[in-house]
Amino acid sequence: MWATLVAGTLTVTLLAGTGSAAEVQSAAKRDRPGCQTTDDPPTNRWTFHNELGRELSAIRRKSLGRVQVKKYGETVNGTAMWSARVGFGDQVLMVQSAIHGNERTGTEALLNILRELGTKNNRATKQILRNITLVALPMVNPDGGELNRRQNVITWDQVVDQFPQLEGAPPAWYFSTRLTPTGFDLNRDFHPQLDYQPRPQDLPGEQVGAGFYLSPESQAIRDTYLSLREEFDTPPVVVDLHHAGPCGRLVGGPQDGKLVSVELDYPPLGPNDGEAYEAEWPLLDQEMSRRYALAAANGMQDAVVNDQSPLAAVGRYVHFEEREYAGQGRSAFALNGSPTVLFEVRGQADDFGQKGMKIFIKAVENGLGGIMDAMATDEIEELDGNDFFDLGHTGWETEADREARERWLSPN
């Protein structure tokens, strides 16, 4: 459905003026010789924070109020955090982007989706709006984005000012003291105990543990999540939009050997599919998260012209045994009953030029469209989340991972 909704603008949006699928493929090859961009300089056409408010306001006006925009928080520097909401369905989809400030395709994809849902009146759009409420957080780390870096901007003294009980405690392990200015990897600053208050005895913590809600940005995301749970009386679906390295190639599956466009994942909660968390957090449902990840993959694959399109290379972000991050938002929210999905677009924002930029933005749009379609039509209930494992991966999977996966898929 989403692919049909945007099909009329696919070629134009992807590469203005190219016209045919063959020309799109040819341009994509020129744009990324090998796996790095060397013949097209980094684009400066990303939306930065000083433009985001204006863009959202314009979308709100053109939608005649269908899209609602609000400030839901601010950084320690007073930088506004903007959200947008569209739709009136009883299923809520919360999508956040740019928690790492130099990972920007998600911001552009969300703005494009808001424009589509805010102005179109065809049957496909109406079905989505009738069944889903989309809450978009298009730039959750605006200060980091202005510096084109992963971390936010905050000093440890500012943290202690907010939480005086931490006076004399060591900084959290994910606080970067070597940066100027200093800041956190915000994607580690979450805790499944949603009302958690920082305690000095918990610091500095460790990679496999929960975070501490030390930054206003993570607190604002958490508070938005909580308000949606209360309003809809059910945990929202949560999608987190990121970037990965530029050189991942798929291993296995029908696209074996292709450079991956987008990798998808469900919560990284350690060995045996999060088994260690089940007693304390019984709402965790990894298979449900995999269903939503599979819906995203279907959306990207269904939208392509043919299998040679650069949009078609979709894989899973796999290294189960090595990855345990309870401090990521998608993990914390999943432990509270939300299905959560990670998008990892290939390459950082300065790894590709304008052609690659448009290709990957469209891939993210199609993936989110796949999720919205599956939610709006109830197809999400018919998917088998373990079919997610049929996708190729990018070489992280170890023998232990494969054995673990076989145990998970075993009917016994």
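Higher on the page you've got the structure.
Now for a look at the structure at hand. (Residues numbered from 1 in each chain as written. Predicted model: local features only at pLDDT ≥ 70, side-chain atom pairs only at ≥ 80, totals over all residues. Heavy atoms only, no water.)

Focus: the overall build of the chain
The condition that has to hold: Secondary structure is summarised from DSSP: a helix means a run of H or I of at least four residues, a strand means a run of E of at least two, and numbering begins at the N terminus for each. Exposure categories follow from relative accessible area, calculated using a 1.4 Å probe and restricted to protein chains: below 20% of the type maximum is buried, above 50% is exposed, and the middle band is partly exposed. Throughout, a contact is declared for two residues whenever any of their heavy atoms are within 4.5 Å. Method for areas: the Shrake-Rupley scheme with a 1.4 Å probe, in which residue coverage is limited to the protein chains shown.
Check the secondary structure of the chain and you find 14 helices and 10 strands. By the burial criterion, 60% of the 412 residues in the chain qualify as buried. A separation of at least 24 residues holds for 80% of the contacts in the chain among residues at least 6 apart in sequence. Carbon and sulfur atoms provide 47% of the accessible area of the chain, an area that totals close to 16500 Å².

Description of the packing of aromatic side chains
Aromatic ring pairs are defined here through the distance separating the ring centres and the angle between the ring planes. As a reminder of what qualifies: Stacked, tilted and edge-to-face pairs are distinguished by plane angle, under 30 degrees for stacked and over 60 for edge-to-face with tilted covering the rest, among Phe, Tyr and Trp rings (Trp via its six-membered ring) whose centres lie within 6.5 Å. The criterion for a charge sitting over a ring is simple: Lys NZ or Arg CZ within 6 Å of the ring centre, and within 35 degrees of the ring normal.
Counted under the stated rule, the structure contains 13 aromatic pairs. On the basis of an interplanar angle of 55° and a centroid distance of 5.6 Å, the ring pair of Trp156 and Phe175 is categorised as tilted. With Trp156 in helix α8 (residues 156-162) and Phe175 in strand β5 (residues 175-176), this pair connects stretches of sequence that are 19 residues apart. Since its relative accessible area comes to 13%, Trp156 is described here as buried. A relative accessible area of 9% means that Phe175 is categorised as buried. Through a chain of ring-to-ring contacts, the aromatic side chains of Trp156, Trp173, Tyr174, Phe175, Phe184, Tyr196 and Phe212 assemble into a single cluster. Cation over ring: Arg222 sits above Tyr213, and NZ or CZ is 4.5 Å from the ring centre.

Brief notes about the sheet that holds strand β4 (residues 132-137)
The test is simple: A pair of strands is labelled paired if DSSP reports no fewer than 2 bridges between them. Think of each axis as a best-fit line through the C-alpha atoms, taken over the contacting stretch in the case of a helix, with angles from 0 to 180 degrees between the N-to-C directions.
Spatially, the eight strands line up as an open sheet ordered β1-β2-β4-β3-β7-β10-β8-β9, and their pairing is mixed. Of all the strands in the sheet, just β1 (68-74) and β9 (314-316) have a single pairing partner and so form its edges. Neighbour-to-neighbour, the strand axes of the sheet open up by a mean angle of 25°, direction not taken into account. Bridge count for β1 against strand β2 (residues 80-86) is six bridges, and the pairing is antiparallel. In the sheet register, Lys71 faces β2, and the bridge partner there is Trp82.

Describing the side chain of Thr182
Applicable threshold: N or O atoms within 3.5 Å of each other form a polar contact, as long as, within protein, one can give a hydrogen and the other can take it, and as long as residues adjacent in sequence are counted only when both atoms are side-chain atoms.
Secondary-structure assignment places Thr182 in the loop between β5 and β6 (183-184). Within the structure, Thr182 has its side chain in polar contact with the backbone oxygen of Ile154 (distance 2.8 Å). Excluding residues that lie within four positions of it along the chain, Thr182 makes contacts with Arg149, Asn152, Val153, Ile154, Thr155, Phe175, Ser176 and Thr177.

Examining the pairing of β2
Within β2, five of the seven residues are buried, leaving the element largely enclosed by the surrounding structure. Between β1 and β2, which pair antiparallel one after the other, the connecting turn spans five residues, and Gly78 there sits at a positive phi close to 80°. Pairing geometry for β2 and β4, over three bridges, is antiparallel. Following the sheet pairing, Val86 is matched in β4 by Leu134.

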